[in-house]
Amino acid sequence: MEELIGTQKPVRRILDPEEAIAALERAVPGLVELRRRDRAAFDWPAVEEELKTALPSDFKALAEWYPAFELDDFLVLTTPLPGEESDRAKEWARELGGEGPELRPAELAPTVLMLWGNSREGDEFFWSVLGDDPDRWHVTISSRNSAWWHYEGGMVQFLAELCEGTLEPWALPVVRPELTGWGVAGGGWHRTV
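What you are looking at is a predicted structure, and each value in this text was computed from that prediction instead of being measured. Along each chain, numbering runs from 1 in the same order as the chain's sequence is written. For a predicted model such as this one, the threshold for reporting local features is a pLDDT of at least 70, and the threshold for listing and counting side-chain atom pairs is 80 or more; totals across whole chains, interfaces and linings nevertheless cover every residue. Heavy atoms throughout the structure, all of them, feed into the side-chain values; hydrogens and water do not.

Any Lys or Arg side-chain nitrogen found within 4 Å of a carboxyl oxygen on Asp or Glu counts as a salt bridge. Per the stated rule, a full pass over the model turns up 15 salt bridges. Linking Glu18 and Arg39 is a salt bridge whose minimum nitrogen-to-oxygen distance equals 3.2 Å. Of this pair, Glu18 sits in helix α1 (residues 17-27) while Arg39 sits in the loop between α1 and α2 (44-51), and the two are 21 residues apart along the sequence. Only protein chains enter the calculation, and the probe is 1.4 Å; a residue is then buried if its accessible area is under 20% of its type maximum, exposed if over 50%, and partly exposed in between. Owing to a relative accessible area of 31%, Glu18 belongs among the partly exposed residues under this scheme. Since its relative accessible area comes to 39%, Arg39 is described here as partly exposed. The partner of Glu121 in a salt bridge is Arg144, with the nearest N and O atoms 3.0 Å apart. Separated by 23 residues along the polypeptide, Glu121 in the loop between β4 (112-119) and β5 (124-129) and Arg144 in the loop between β6 (138-142) and β7 (147-151) bring together distant segments of the chain. Overall, Glu121 belongs to the partly exposed group, its relative accessible area being 41%. Three or more residues joined by partner-sharing salt bridges are found here, namely Glu70, Asp73, Arg120 and Arg191. Note on conventions: DSSP H or I runs of at least 4 residues are helices, E runs of at least 2 residues are strands, and numbering of each starts at the N terminus.

Here you go:
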């Protein structure tokens, strides 16, 4: 049975995307080596027009500076490739249209969930689309063992706190601050393990 086990709050919610990225870079030292020299250009207005909602600014900034990556051979952050963001927008639009996870706690039945990451073990990481300010959306975690929980901070801050160990990883394994894979030009994937 799916169960909502609680909510965690950061000590201080980071709303500035660059500050959140800096926190993630401190938490995952090898990440800086993947940082693009120049920000990638995405057509965010077209994506957001298709979705009829804006996306969190920390996610957009992270996607502009970094390719998709994997942490500790576990958590995979899915970001679009520049020029392919409309494909991802179509997937998100389906989720916004109600094609999110069917099995979820009753408390989350009316909540629209947008997937931003998953684990190799079946865990899923979402935004709870609540309100008109995507920078205030919560992170919602669905663990493979049917436990669901919220984090009342942004996605990038969640990743930083999960990797630095200041966040209790309820129903998830401890995630070491180690990059084990990342997207490469042309759509491939580089693995370190």
